[in-house]
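# What the coordinates show
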Amino acid sequence: MWAKAFIFLWGDKMLDLKLIRKKPEWVKERLATRQIPGEEIDQLLQLDQQRRDLTVKSENLKKERNDVSAKIAQMKRNHEDADAQIAQMKQVGQEIKELDEKLAKTTDDLNYILIRLPNIPDESVPVGSDESAAREERKWGTIPDFKFKPQAHWDLGEELGILDWQRAAKVSGSRFVYYLGLGARLERAVYNFMLDEHRKDGYTEVIPPYLVNAESMFGTGQFPKFTEDVYTIINTDEKPLTLIPTAEVPLVNFYRDEILDGSQLPINLTALTPSFRSEAGSAGRDTRGLIRMHQFNKVEMVKFTKPEDSWDELEKLTHNAENILQKLNLPYHVITLASGDASFTSAKTYDLEVWMPAQNCYREISSCSNCTDFQARRAHIRYRDEDGKTKLLHTLNGSGLAVGRTVAAILENYQNEDGSVTIPDVLVPYMDGVTKITKD
RNA sequence: GGAGAGUUGGCAGAGCGGUAAUGCACCGGACUCGAAAUCCGGCGAACCAACUAAUGUUGGCGCGCAGGUUCAAAUCCUGUACUCUCCGCCA
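Conventions we followed
- Residues numbered from 1 in each chain as written.
- Chains lettered and ligands numbered in written order.
- Predicted model: local features only at pLDDT ≥ 70, side-chain atom pairs only at ≥ 80, totals over all residues.
- Heavy atoms only, no water.
- Helix = DSSP H or I, 4+ residues; strand = E, 2+ residues; numbered from the N terminus.
- Buried < 20%, exposed > 50% of the residue type's maximum accessible area, 1.4 Å probe, protein only.
- Contact = heavy atoms within 4.5 Å.
- Areas by Shrake-Rupley, 256 points an atom, 1.4 Å probe, with all protein chains shown as cover.
- Lys, Arg positive; Asp, Glu negative; His and termini not counted.
- Charge placed at Lys NZ, Arg CZ, Asp CG, Glu CD.
- Phe/Tyr/Trp six-rings, centres within 6.5 Å; stacked < 30°, edge-to-face > 60°.
- Lys NZ or Arg CZ within 6 Å of the ring centre and 35° of its normal.
- Axes fitted to C-alpha atoms, helices over the stretch in contact; angles between N-to-C directions.
- Left-handed = near helix turned anticlockwise from the far one by under 90°.
- Nonpolar A, V, L, I, M, F, W, Y, C, P; charged D, E, K, R; others polar.
- Pairing = 2+ DSSP bridges.
- Near = heavy atom within 4 Å.
- Polar contact = N/O pair within 3.5 Å; in protein donor to acceptor, adjacent residues only side chain to side chain.

Moving on, we come to the overall build of chain A. Across its full length, chain A holds 13 helices and 18 strands. Per-residue burial over chain A gives 52% buried out of 440 residues. A sequence separation of at least 24 residues applies to 75% of the contacts in chain A between residues at least 6 apart. Carbon together with sulfur atoms contributes 48% to the accessible area of chain A, which is approximately 20,700 Å² in total. Each charge class in chain A can be summarised by its mean position, and for the 58 positive and 69 negative side chains these summaries are 3 Å apart.

For the rest of this paragraph, the subject is the packing of aromatic side chains. Tallying each qualifying case throughout the model produces eight aromatic pairs. Look at Phe 146 and Phe 148: their rings are 5.2 Å apart centre to centre, the planes differ by 65°, and that puts the pair in the edge-to-face class. The residues Phe 146 and Phe 148 share a single accessibility class, namely buried. A network of ring pairs unites the aromatic residues Phe 226, Phe 344 and Phe 374 as a single cluster. The aromatic ring of Tyr 112 is capped on one face by Arg 116, whose charged end is 3.8 Å from the ring centroid.

Quick look at the packing of helix α3 (residues 24-32) against helix α4 (residues 38-77) now. With their axes 9 Å apart at the nearest point, α3 and α4 run at an angle of 145° to one another. As α3 packs across α4, the resulting crossing turns out to be right-handed. The residues of α4 that touch α3, namely those facing Pro 24, Val 27, Lys 28 and Leu 31, are Gly 38, Ile 41, Asp 42 and Leu 45. Along the lines of polarity and charge, the residues of the contact of α3 with α4 split into five nonpolar, one polar and two charged.

Cis geometry is adopted by the peptide bond preceding Pro 266, which originates at Leu 265 and carries an omega value of 0°. Looking at the secondary structure, you find Pro 266 in the loop between β8 (258-261) and β9 (267-276). Cis geometry is adopted by the peptide bond preceding Leu 401, which originates at Gly 400 and carries an omega value of 5°. You can see Leu 401 is positioned in strand β16 (residues 394-402). Non-glycine residue Arg 175 carries a positive phi angle of around 65°. If you trace the backbone, Arg 175 turns up in the loop between α7 (165-171) and β3 (178-179). Here the phi dihedral of Glu 279 falls at roughly 55°; this positive angle occurs in a residue that is not glycine.

The next subject is the sheet that holds strand β6 (residues 232-234). The strand order β5-β7-β6 describes an open sheet built from three strands, whose pairing is antiparallel. At either end of the open sheet lies a strand with only one pairing partner, and these are β5 (211-212) and β6. Pairing analysis gives three bridges linking β6 to strand β7 (residues 240-243), with the strands arranged antiparallel. From the neighbouring strand, Ile 234 faces β7, where its bridge partner is Pro 240.

Quick look at the sheet that holds strand β12 (residues 348-356) now. The mixed open sheet is built from eight strands, whose spatial order is β1-β11-β12-β13-β16-β10-β9-β4. Because the sheet does not close on itself, it has two edges, and the strands there are β1 (135-140) and β4 (204-206). Averaged over all adjacent pairs, the angle separating strand axes in this sheet is 25°, with direction ignored. One ladder, built from seven bridges, connects strand β10 (residues 295-305) with β16; its direction is antiparallel. Looking across to β16, one finds that Glu 300 is bridged to Ser 399. Together, β1, β10, β11 (332-336), β12, β13 (361-370) and β16 form the strand contacts of helix α11 (residues 310-327), whose direction differs from that of β16 by roughly 5°. Sitting on the sheet, helix α13 (residues 403-413) is in contact with β9, β10, β12, β13 and β16, with an inclination near 40° to β16.

Residues in close proximity to RNA strand B total 22 residues, the closest being Asn 66, Ser 69, Arg 77, Arg 382 and Arg 384. Each atom of RNA strand B within 4 Å of the protein was classed as base or backbone; sugar and phosphate made up 77%. In this structure, Ser 69 approaches RNA strand B through a main-chain N or O atom, which is 3.5 Å from a base nitrogen. Here a sugar or linking oxygen of RNA strand B and a side-chain polar atom of Arg 382 are 2.8 Å apart.

Dropping the structure here:
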């Protein structure tokens with residue numbers, strides 16, 4: 001449904017074609033770690049050559065047409081006969097038209113491949129195709145040693161009367177939930193706390209649109225490949241809008257098609273938004289609890305940086321996310337995702353995984369990525385450097401954090417034997433002094 | 001939802017079939033002890049391609065976007081997006 005539109009919308013390149021031309025073997029090698037066959041790169045280079053040959057021919061003819069047309073204009077002014085030139089240009093015009101049609105076809109074929117190639121993973125990323133290849137970077141906190149069998153958060157929440165799955169299923173379906181009373185207040189306390197922390201760390205708070213157009217989804221790299229993972233709204237004008245799967249989309253696209261002043265960088269934005277995901281393909285996984293919902297709140301952080309700063313900024317961003325878990329005193333570890341496991345747009349991704357006692361394992365609660373210039377190239381976000389040149393900037397994004405999962409982690413890690421849940425100290429002021437959630 | 005007007009370089013703003021005026025800003029120079037003012041000159045958005053070791057040079061493209069007509073389109077035609085004004089409706 002979307003694919004065709006993009007080919008017309010973006011005559012631009014997604015990975016840097018010049019880089020592919022210059023170092024084809026290196027690109028092939030790097031992309032092989034993401035299961036991209038080398039033949040695609042060969043095909044790409046062939047189309048690129050064809051495109052440039054056609055461009056030269058077409059442009060030469062256009063030059064001729066411009067020159068002769070100027071002459072025709074001159075002759076007309078002098079009331080001379082220009083019929084011969086006009087006939088000649090008619091022929092040239094036909095040739096240009098044919099060449100340009102070929103050129104358009106070639107460009108379409110080229111872009112079809114190019115817009116489906118993922119970002120090139122950074123050299124520091126472990127090679128592998130799934131989570132088992134991830135590398136643990138560091139651990140934080142002490143895993144709680146319960147003297148009783150810890151309950152799952154969905155049971156705790158239900159017994160405390162703060163989460164209602166049944167009515168959510170009735171009203172909406174599976175993978176939806178109602179938060180009630182102190183549950184709703186806990187969720188609100190958590191995200192208010194997160195936003196305040198990020199503000200202190202220099203992020204500007206934003207409330208973005210929750211519905212975005214296809215261009216935006218393309219700009220951040222969700223489209224054209226991942227159309228099945230999102231909810232799309234068809235309005236009466238037949239112009240579809242997508243419910244954001246993450247605030248990253250409206251935040252990064254804020255500067256789409258713009259040239260920023262380099263002295264303003266880095267720019268840091270944060271937003272609390274609901275995120276909507278169809279979770280197609282995850283049937284049977286995490287069917288209970290707050291882990292995998294069709295709608296969930298998430299506080300997102302986005303950075304726009306100069307290329308030379310993006311790796312340092314990725315570390316800062318990750319620490320900003322870790323800061324939340326540390327202040328909440330939730331045990332976690334940081335892993336670097338393997339080349340084949342990171343998102344389409346990412347050159348390197350750190351995942352923060354929080355300890356979930358009932359499941360006796362770490363679960364993802366934040367994903368922090370450096371997208372390098374990949375999104376900037378798609379979304380045309382550039383900056384003007386001190387030397388006056390326009391350059392693509394780098395974009396980064398990270399959850400800080402997934403709010404529902406944070407609530408789940410608090411319920412499980414802070415539970416008591418009697419089924420009550422203690423409120424983490426930093427959240428008490430946000431809960432109007434409430435220190436514990438108990439049954440009735 | 002209805003009617004009308006608009007969208008041109010960083011900003012302002014002309015052009016309404018013959019290939020983007022002009023002003024402000026900006027850069028260089030002159031004058032000045034220095035600055036302002038004035039004068040002279042220059043650049044004028046992105047993007048693509050060819051040549052070049054690089055700085056660059058040349059060309060293409062470019063007037064919201066996409067098509068069409070024409071030897072030639074900012075200008076004519078069609079579609080479309082957005083902005084503004086008025087009317088209607090509305091949390």
